[in-house]
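Structure at a glance
Chain by chain, the residues:
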Amino acid sequence: KFNVESEGWPFCGTDHKLEVNLDIKVPGDRPPKSVEDREEEAAGEERKGGRKPKGKAVRQSAGGRDVSFDLPEVALVDNSSSASEVLVDSSGGKTTIAFRFPYFESTLLYDPTVGFDGADDAVTESPSMAEATTTAQEAGGTSSL
């Protein structure tokens, strides 16, 4: 499990966005098994935890098991739900998931879900399964998180 949280990001302007890139490199340089765009579920499709928002569902093989990423295209920005973007690119022997968040005055919270197929609970950490690096950038500058 991971979250993206930021407080007081020094944006250069209100028209700028914060992009956080997650690079995932698995043994054997395998691309994701699937990347699906998910539309928001209709009101009649209630389920445990409520409706799923629009987003992406990514399935990646790693260490003999499949890792599932549920990546909603909504974040909590200044304590209000706000649309965000999720982009997935599989090239160069790695998978990059880019999260783009709108300008915020004070706080950002993004809460995706990561789990292994066949596991009842979400995975909190598994460094032996894949190598992940994260960077954040805004207006051309880049810094590691």
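Residues numbered from 1 in each chain as written. Predicted model: local features only at pLDDT ≥ 70, side-chain atom pairs only at ≥ 80, totals over all residues. Heavy atoms only, no water.

Before going further, it helps to examine the overall build of the protein chain. Along the backbone of the protein chain there are zero helices and 13 strands. Counting from the amino terminus, the protein chain carries its helices and strands in the arrangement β-β-β-β-β-β-β-β-β-β-β-β-β. Among the 145 residues that make up the protein chain, the fraction classed as buried is 34%. In the protein chain, the proportion of contacts linking residues at least 24 apart, taken out of those at least 6 apart, comes to 64%. As displayed, the protein chain offers around 8,400 Å² of accessible surface, 47% of which is attributable to carbon and sulfur atoms. (Helix = DSSP H or I, 4+ residues; strand = E, 2+ residues; numbered from the N terminus. Buried < 20%, exposed > 50% of the residue type's maximum accessible area, 1.4 Å probe, protein only. Contact = heavy atoms within 4.5 Å. Areas by Shrake-Rupley, 256 points an atom, 1.4 Å probe, with all protein chains shown as cover.)

So, on to the packing of aromatic side chains. For any pair of aromatic rings, the description rests on two quantities: the centre-to-centre distance and the angle between the ring planes. Under the definition given, this model contains six aromatic pairs. For the pair Phe-11 and Phe-104, a centre-to-centre distance of 5.1 Å together with 90 degrees between the ring planes defines the contact as edge-to-face. Taken as a pair, Phe-11 in the loop between β1 (4–7) and β2 (18–25) and Phe-104 in the loop between β9 (94–101) and β10 (107–110) lie far apart in primary sequence, 93 residues in all. For the residue pair Phe-11 and Phe-104, the accessibility class agrees, reading buried in each case. For the ring pair Phe-99 and Phe-101, a centre distance of 6.4 Å and an interplane angle of 10 degrees mean the geometry is stacked. When sorted by exposure, Phe-99 lands in the same class as Phe-101, which is buried. Put simply, the rings of Phe-2, Phe-99, Phe-101 and Tyr-110 pair up and form one aromatic cluster. (Phe/Tyr/Trp six-rings, centres within 6.5 Å; stacked < 30°, edge-to-face > 60°.)

Once that is clear, we can look at the nonpolar core. Counting 23 residues, the largest nonpolar core has Phe-69, Leu-71, Ile-97, Phe-99, Phe-101, Leu-108 and Tyr-110 as its most contacted members. Sort the elements by how many residues they give to this core and β2 lands first, with four residues. Once residues lying within four places of it in the same chain are set aside, the contact partners of Tyr-110 are Asn-3, Val-4, Leu-71, Pro-72, Val-74, Ala-75, Ser-84, Val-86, Phe-99 and Phe-101. (Core = buried A, V, L, I, M, F, W, Y, C linked by side-chain atoms within 4.5 Å.)

Once that is clear, we can look at the pairing of strand β6 (residues 74–77). The alternating pattern of β6 places Ala-75 and Val-77 on a buried face, while none of Val-74 and Leu-76, on the opposite face, is buried. As judged from the four bridges shared by β6 and strand β7 (residues 80–83), these two strands associate in the antiparallel manner. Counterpart to Val-74 in the pairing with β7 is Ala-83. In this antiparallel pair of consecutive strands, β6 and β7, the connection spans two residues, and Asp-78 shows a positive phi of 50 degrees. Direction of pairing for β6 relative to β10: antiparallel, over a ladder of two bridges. Directly across from Leu-76, in β10, lies its bridge partner Leu-109. (Pairing = 2+ DSSP bridges.)

Counting across every chain of the model gives four salt bridges. The shortest N-O distance in the salt bridge between Arg-100 and Glu-85 comes to 3.9 Å. Of this pair, Arg-100 sits in strand β9 while Glu-85 sits in strand β8 (residues 85–91); the two residues are 15 residues apart in sequence, bridging distant segments of the chain. Classification of Glu-85 by relative accessible area gives partly exposed; the value is 29%. In this structure, a network of salt bridges that share partners links the residues Lys-17, Glu-19, Glu-85 and Arg-100. (Salt bridge = Lys/Arg side-chain N within 4 Å of Asp/Glu carboxyl O.)

Within the open sheet, the four strands sit side by side as β1-β10-β6-β7. Their pairing is antiparallel. Each having just a single partner strand, β1 and β7 make up the two edges of the open sheet. Neighbour-to-neighbour, the strand axes of the sheet open up by a mean angle of 25 degrees, direction not taken into account. Both β1 and β10 contribute to a ladder of four bridges, which runs antiparallel. Bridge pairing in β10 links Val-4 to Tyr-110. (Axes fitted to C-alpha atoms, helices over the stretch in contact; angles between N-to-C directions.)

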